[in-house]
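Each chain is listed here by its residues.
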Number of protein chains: 4
Amino acid sequence: MSENGSNHTVTFLIQCPDQKGLVASISNFFYEREFNILSCQQYTDLLTGHYYMRLQLVLSDLTTTRRQLEEEFGEFGNRINLRWSVHYSDKTQRVALMVSKTSHCLYDILLRWKEDELDCEVPVIISNHPDLESVADQFRVPFHCLPIKNGDKSTQEQAVRELLNKNHIDLVVLARYMQVLSSGFIEEYKGRVINIHHAFLPAFQGGSPYERAYERGVKMIGATAHYATEDLDEGPIIEQDVERVNHELEPKRLKQIGRDIERVVLSRAVKAHLESRIIISGKRTIVFSQGI
Amino acid sequence: MSENGSNHTVTFLIQCPDQKGLVASISNFFYEREFNILSCQQYTDLLTGHYYMRLQLVLSDLTTTRRQLEEEFGEFGNRINLRWSVHYSDKTQRVALMVSKTSHCLYDILLRWKEDELDCEVPVIISNHPDLESVADQFRVPFHCLPIKNGDKSTQEQAVRELLNKNHIDLVVLARYMQVLSSGFIEEYKGRVINIHHAFLPAFQGGSPYERAYERGVKMIGATAHYATEDLDEGPIIEQDVERVNHELEPKRLKQIGRDIERVVLSRAVKAHLESRIIISGKRTIVFSQGI
Amino acid sequence: MSENGSNHTVTFLIQCPDQKGLVASISNFFYEREFNILSCQQYTDLLTGHYYMRLQLVLSDLTTTRRQLEEEFGEFGNRINLRWSVHYSDKTQRVALMVSKTSHCLYDILLRWKEDELDCEVPVIISNHPDLESVADQFRVPFHCLPIKNGDKSTQEQAVRELLNKNHIDLVVLARYMQVLSSGFIEEYKGRVINIHHAFLPAFQGGSPYERAYERGVKMIGATAHYATEDLDEGPIIEQDVERVNHELEPKRLKQIGRDIERVVLSRAVKAHLESRIIISGKRTIVFSQGI
Amino acid sequence: MSENGSNHTVTFLIQCPDQKGLVASISNFFYEREFNILSCQQYTDLLTGHYYMRLQLVLSDLTTTRRQLEEEFGEFGNRINLRWSVHYSDKTQRVALMVSKTSHCLYDILLRWKEDELDCEVPVIISNHPDLESVADQFRVPFHCLPIKNGDKSTQEQAVRELLNKNHIDLVVLARYMQVLSSGFIEEYKGRVINIHHAFLPAFQGGSPYERAYERGVKMIGATAHYATEDLDEGPIIEQDVERVNHELEPKRLKQIGRDIERVVLSRAVKAHLESRIIISGKRTIVFSQGI
């Protein structure tokens, strides 16, 4: 990486109805502005006739202000009916981690963050319980304990939102946060709240999935990372994984194995989001591969 | 392998409430009768206090009639409350394959059977459609087309049962047979009907699982082999597997990938059953590993 | 698919040194000729500065002869230093299967071919042994037994090459063909011979991999499909997979499990080749995902 | 768990030439002493005629001293040619972690230890570099930096051995310790040093496996945990795993993915050792499943 940040990138995420000449007209837009295209990933959903693109440019090629680029692309996009967003890699995203009592997902994200696998800032950890303060301390991240008092969830949630706003949070990661968020919260942070569900959805929605997996005698258990939506456990799936198990493993062991899956699945989902590799499309996600 | 078939085995599948001295008393029973124990696999479910054992003996060590062995073991078992079954490897099991129109599972089982991976006889293939007759012909297995006429399912099922009885069938494999069996049928062949479900149960129970997996945007698809029970798709699971997929794959491609999983999962389940490695315990199965 | 074949595609596989404006200039080339771009997959190897593209067009958009398109693209490509090939989906590829004595890979490819998973013709099966003639007969494919007589391999290979030429073969699949091909053969069919190696290369190169895997006590076994090159077992890898095993499994069982992996791995590699999804780059392959 | 520790277990690991009546005579030995057999796992290697057993007893059933039990079992074992070891779960094993500069394996083991997944004490972390002291501090484990000065490896190793002895270490875990141990060290700690190798052995023995995996274009990368022996990278394999990769992933990304595999593989191996589930047999290991 050079001193003047010449390795930084601009990423456009684009979706629109499929039409002739899309690649040519979009790549021309950037070619005329002398951008080098680092990568261009596309996907056409032939069932719905919908088109998706992820375009990575070299930020140092930019010869105008960012605002001007966005306005020009906005006008261009309006003519061909694009929905789009743009992400600059030199604008590090600010991530809030929300937890309750279990530490494995929290630890995993903090470690990857520290090892530079996750390109973000973590200005705040929020919990409804005091248990994980020492973990936050280990990594020198401010820890806020916001318990729900007398069952008054809305007051607590209001405090959470103020904290998120004050910290200019771009992404909320529910790293085993055991509270349901209100629809107002979900709406405000639409597409910016990632949750880890401790089951291979849509199997075992709801609570105690490992106990139920044991009773049902399934031969594999899994975990699912998804964007939070109002319908609990129904949000667009970002990543899933499973592990083979057998009859010998009690629910306690299944939970231990499940923890390993949860860790990895949540971290992969957060990484994909931070690298602007995800487009949400209805109940599905388009997750572009992690080439560059 | 010696000429007189001395490689044949006797396998006992045993379950009972856990109690002191089980291994010693059972192994003594066979030691006193001069049996060599080839393998002895056990599992204790500590949650329910239930004990399971699979015991393999050398058949040529048998110094009495089989009936005498079974009577003596029956008396012994009654005293310590055992439920058990016994299987002799020189008594090849007779398997009926039931199919409808898709050939991949049928082919897979026939190929493995031909390559000696599945130790069984296949005296009959039954279908409610004529489509797969040529496959049966390729492998020289009699093919019976028993269509459902005028919606009269019970008459057709009666014909199926007669055919099974006449052929002394030990195991019925529903290799993508697209008809629900009556509770009477299920009861008669309890623990002896294996079905392949084209989804990772309990996700996507019911029809069109690949279309639904696509709509839901899951990142893995799977298949499940289970014993048939009255509650459709709720029988004890024998084997499952999954494959990673992504947004690019249309339902048609998911089906192709799914076919590969179904093939392998069904064949593994049938193999485990034929090798007497499965004990059914309520809604779960104990599947002993395929050591010997 | 419409009657006039309007679903057919043209696929360009392109590689060149990375340079500014590639996407724009290539997509413009086709936009000017009124092609609809069905999909455009790219990959830039930042370590070597090399660029790879797979571009799928709608064949019915073609307004000139194929020769004219190729000449124009050739001129265009020369100016920017492209290496490329073009594939028309209405020109079905002709595949020769070469086998020895084991049937599992042969069966798998024939079944997928019959089930329309593999879009190709199979005009000939060649073997150095007579064993698998009946399999060829089942699928009504001409079977040629070309044994090696008196150790004279070159005479036999000459007969093989004549048969391939006479049948206008595009791709040779070594479906467990247990003979080494001469460097002359390899040169003539460069990038058009796919082999299945029964180990997870580069582990266990050479013979008896399952015996050696057992002795070494590995916990997973695998298989590798690769393009054949002069250096045996060193050709560019197309596809690999593995399965978990344990100490209980004897070499014979490992072989059975290995057969399942070999089947799937070889078929996936052949499918990727037939769908023009592979670019060979030195010792590596770029395998584009199977979106469309 | 009751107050008087009645959940503690005694585990015997046994191997011997296969012979008639082994299960009966061994289980009788313990039945006569009024032991309850919690689990009894066996494996007979039919190729070598060797027999392996893992037997778990309830510790509170013990009516004699441990020494007396061991003497009696020793006499019994001598008569039938047993090699055996015994492990008491109330005698927590003492584990030394040896590291160099990379933290991911160290963190993983410390986290699992803290979360009670690994039943052990960790009295000491030893490194030849100072880098990871802060990690040790986070978990309040004494950290000893023993650098190699002027290339004098034997002096440094002597200091390591003194530290291990002083701390009564039962198991040494090389959690990415980048120094070769002397044959004297290996001999002293035979079967008690676990190493993680950052490749799917026997592929990519030696250094820079991720770079070589990239150059070779393999489609999966892996890691291997094994007991350290004099022949580097040739020790008995305990656990392996792999992950699917593709051409897009540069060596740097492969390393990140590799770290996740290394973590899990090393921890599983350490867990199996701590739970007395491993018998070493020449170049292989028998790893009994993690039932109880």
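**A word on the overall build of chain A**
The secondary structure content of chain A amounts to eight helices and 13 strands. Against the compact-globule benchmark of 19 Å for 292 residues, chain A has a radius of gyration of 21 Å, which places it among compact chains. C-alpha atoms of chain A, sized along the principal axes, occupy 60 × 40 × 35 Å. Looking at chain A as a whole, 61% of its 292 residues are labelled buried. In chain A, the share of contacts with a sequence separation of at least 24, taken over all contacts with a separation of at least 6, comes to 66%. Summed over its atoms, the accessible surface of chain A is roughly 11,800 Å², and 47% of this surface lies on carbon and sulfur atoms. With 34 positive and 40 negative side-chain charges, chain A shows a spacing of 4 Å between the two charge centroids.

**A few points about the interface of chain A and chain B**
Interfaces are often sized by the accessible area lost when the parts come together. The partner chain B presents 37 residues to the 37 residues of chain A that form the contact. Summing both partners gives a buried area of about 3,300 Å² for chain A against chain B, and 55% of it is carried by carbon and sulfur. Broken down residue by residue, the surface that chain A buries against chain B is led by Arg216, Lys219 and His247 of chain A, which jointly contribute 24%. The tally of links between chain A and chain B comes to six salt bridges.

**Here's the deal with the domain arrangement of chain A**
Residue and element names in this part refer to chain A. Structurally, chain A comprises domain 1 (9–88) and domain 2 (93–287). Taken together, the contact pairs 10 residues of domain 1 with nine residues of domain 2. Interface area for domain 1 against domain 2, summed over the two sides, is near 730 Å², with a carbon-plus-sulfur share of 55%. Among the residues domain 1 hides against domain 2, the three largest losses belong to Leu13, Tyr52 and Arg54. Together they make up 55% of the total. Here domain 1 is connected to domain 2 by one salt bridge. The residue Asp45 makes a salt bridge to Arg284 at a minimum N-O spacing of 3.2 Å. Connecting domain 1 to domain 2 are five residue pairs in polar contact (both at pLDDT 80 or more). Secondary structure elements with two or more residues in the side of domain 1 that touches domain 2: strand 1 (9–17), strand 2 (37–45) and strand 3 (50–58). Looking at the side of domain 1 that touches domain 2, the element that brings in the most residues is strand 1, giving four residues.

**Topic: the relation of the copies chain A and chain B**
Screw-axis analysis of chain A against chain B gives a translation of 0.0 Å along the axis, an RMSD of 0.0 Å, and a rotation angle of 180°. Each copy turns onto its partner about a two-fold axis. No C-alpha of chain A approaches the rotation axis more nearly than that of Ala203 of chain A, which lies at 2.1 Å. Taken as a fraction of all interface residues of chain A, those also at the interface in chain B reach 100%, which identifies the copy contact as same-surface.

**Some words on the side chain of Thr9 of chain D**
Residues and elements named next belong to chain D. Its location among the elements puts Thr9 in strand 1 (residues 9–17). Residue Thr9 is classed as buried on the basis of its relative accessible area, which comes to 10%. The contact partners of Thr9, leaving out residues within four places of it in the chain, are Leu38, Gln56, Leu57, Leu59, His87, Tyr88 and Ser89.

**Points about the pattern of salt bridges**
Considering all chains together, one arrives at 108 salt bridges over all chains under this definition. With a shortest N-O distance of 2.7 Å, Arg112 of chain A and Asp260 of chain D are connected by a salt bridge. Here Arg112 of chain A, found in helix 3 (residues 104–114), pairs with Asp260 of chain D, found in helix 8 (residues 251–274), and the two come from separate chains.

**Focus: the state of the cysteines**
All names here are of chain C. Enumeration according to the criterion identifies zero disulfides over all chains in this entry. Of all cysteine sulfurs, the one in Cys40 lies closest to Cys16, which takes part in no disulfide; the gap is 12 Å. Taking the relative accessible area as the measure of exposure, Cys16 reaches 1% and is therefore buried.

**A short note on helix 3 (residues 104–114) of chain B**
All names here are of chain B. With nine of 11 residues buried, helix 3 lies mostly within the body of the structure. Turning to helix 3, its buried residues number three or more, namely His104, Cys105, Leu106, Tyr107, Asp108, Ile109, Leu110, Leu111 and Arg112. Of the residues trailing helix 3, Asp116 is marked for its positive phi of about 65°.

**Some words on the relation of the copies chain D and chain C**
Least-squares fitting of chain D to chain C yields an RMSD of 0.0 Å, with the superposition described by an axial translation of 0.0 Å and a rotation of 180°. Most of the interface of chain D is mirrored in chain C, where 100% of its interface residues again form contacts.

**Considerations on the interface of chain D and chain C**
Chain D puts 37 residues into the contact, and the matching count from chain C is 37 residues. Looking only at chain D, the three residues that lose the most surface to chain C are Arg216, Lys219 and His247 of chain D, adding up to 23% of its buried area. Our count for the contact surface shared by chain D and chain C stands at six salt bridges. The residue Arg216 of chain D makes a salt bridge to Glu234 of chain C at a minimum N-O spacing of 3.6 Å. Applying the counting rule to chain D against chain C returns 22 residue pairs in polar contact (both at pLDDT 80 or more).

**Some words on unusual backbone geometry**
Residue and element names in this part refer to chain A. The omega torsion across Leu201 and Pro202 is 5°, close enough to zero to call that bond cis. Among the secondary structure elements, Pro202 is positioned in the loop between strand 9 (193–197) and helix 7 (209–216). With phi around 50°, His168 is a residue other than glycine that occupies positive phi space. Here His168 is to be found in the loop between helix 5 (153–166) and strand 8 (171–174). Using a relative accessible area of 58% as the deciding quantity, one classes His168 as exposed. Despite not being glycine, Phe204 has its phi angle at roughly 55°, a positive value. Among the secondary structure elements, Phe204 is positioned in the loop between strand 9 and helix 7.

**A word on the pairing of strand 5 (residues 93–99) of chain B**
Across a regular strand the side chains alternate sides, sitting on one face of the sheet and then on the other. Residues and elements named next belong to chain B. For strand 5, the buried fraction is high: six of the seven residues fall into the buried class. In terms of strand pairing, strand 5 meets strand 6 (residues 120–127) through six bridges, oriented parallel. Its bridge partner being in strand 6, Val99 is matched across the sheet by Ser127. Bridge count for strand 5 against strand 8 (residues 171–174) is four bridges, and the pairing is parallel. What sits directly across from Met98, in strand 8, is Leu174.

**With respect to the packing of aromatic side chains**
Scanning all chains against the criterion turns up 58 aromatic pairs over all chains. By the ring-pair criterion, three or more aromatic residues cluster together here, those being Phe12, Phe29, Phe30, Phe35, Phe73, Phe76 and Trp84 of chain A. The ring of Tyr214 of chain D is capped by Arg284 of chain C, whose NZ or CZ atom sits 4.0 Å from the centre of that ring.

**Looking at the confidence of the model for chain A**
All names here are of chain A. Model confidence for chain A is summarised by a mean pLDDT of 92, while 97% of its residues fall at 70 or above. Residue range residues 1–5 is modelled with pLDDT below 50. Its contacts to residues more than four positions away, or to other chains, number one contact. Taken together, the chains of this predicted complex give a pTM of 0.91 and an interface ipTM of 0.87.

**Description of the environment of Ile279 of chain D**
All names here are of chain D. Here Ile279 shows up in strand 12 (residues 278–281). Between the C-alpha atom of Ile279 and that of Gln15, which follows or precedes it by 264 residues, the distance is 8.1 Å. Setting aside its immediate chain neighbours within four residues, Ile279 contacts Leu13, Ile14, Gln15, Tyr52, Met53, Arg284, Thr285, Ile286 and Phe288.

**A word on the sheet that holds strand 2 (residues 37–45) of chain D**
All names here are of chain D. The strand order 2-3-1-4 describes an open sheet built from four strands, whose pairing is antiparallel. Two strands close off the open sheet at either side, each with one partner strand: strand 2 and strand 4 (83–88). On average, each strand axis in the sheet is tilted by 10° relative to the strand beside it, whichever way the strands run. In the sheet, strand 1 pairs with strand 3 (residues 50–58) via nine bridges, with the strands oriented antiparallel. Each bridged residue has a counterpart across the sheet, and for Cys16 the counterpart in strand 3 is Tyr51. Against the sheet, helix 1 (residues 22–32) touches strand 1, strand 2 and strand 3, its axis set at about 25° to strand 3.

Procedures and definitions
- Each chain carries its own residue numbering, running from 1 in the direction its sequence is written.
- Each chain gets a letter, beginning with A, and each ligand a number, beginning with 1, in the order they are written.
- Where local features are concerned, this predicted model is filtered to residues with pLDDT of at least 70; where side-chain atom pairs are given and counted, the filter is 80 or more; whole-chain, interface and lining totals use all residues.
- Excluded from the side-chain calculation are hydrogens and water; included are all heavy atoms of the structure.
- The numbering of helices and of strands both runs from the N terminus, where a helix is a DSSP run of H or I of at least 4 residues and a strand a run of E of at least 2.
- Atoms counted for the radius of gyration: C-alpha only. Globule rule: 2.2 Å times residue count to the power 0.38.
- Three exposure classes are used, based on accessible area relative to the maximum for each residue type with a 1.4 Å probe and protein chains only: buried under 20%, partly exposed in between, and exposed over 50%.
- In this analysis, two residues are considered to be in contact whenever any of their non-hydrogen atoms come within 4.5 Å of each other.
- Each accessible area is a Shrake-Rupley result for a 1.4 Å probe, and residues are judged covered by the shown protein chains and nothing else.
- For the purpose of counting charges, residues Lys and Arg are taken to be positive, whereas Asp and Glu are taken to be negative. His and the chain ends are not included.
- Every charge is mapped to an atom, namely NZ of Lys, CZ of Arg, CG of Asp or CD of Glu.
- For any pair of parts, buried area is found by adding up, for both, the accessible area (1.4 Å probe) each one loses once the two are put together.
- Counted as salt bridges are all cases of a side-chain nitrogen of Lys or Arg within 4 Å of a carboxyl oxygen of Asp or Glu.
- Just so you know, the domain bounds were taken from an automatic or database domain assignment.
- We define a polar contact as two N or O atoms separated by no more than 3.5 Å, with the added condition that, inside protein, one atom must be a possible hydrogen donor and the other a possible acceptor, whereas residues neighbouring each other in sequence contribute only through side-chain atom pairs.
- What sets the superposition is a least-squares fit of C-alpha atoms, and only residues with pLDDT of at least 70 in both copies go into it.
- The disulfide definition used here is simple: a pair of cysteine sulfur atoms within 2.5 Å.
- By the convention used here, strands pair only if DSSP detects at least 2 bridges between them.
- Pairing of aromatic rings covers Phe, Tyr and the six-membered ring of Trp, with a centre-to-centre limit of 6.5 Å; geometry is then stacked below 30 degrees between planes, edge-to-face above 60, and tilted otherwise.
- Ring-over charges, as used throughout, are those where CZ of Arg or NZ of Lys falls within 6 Å of the ring centre and within 35 degrees of the ring normal.
- Per-residue confidence from the prediction method is given by pLDDT, with values spanning 0 to 100.
- The convention used is that axes are lines fitted to C-alpha atoms, helices contributing only their stretch in contact, and that angles between N-to-C directions extend from 0 to 180 degrees.

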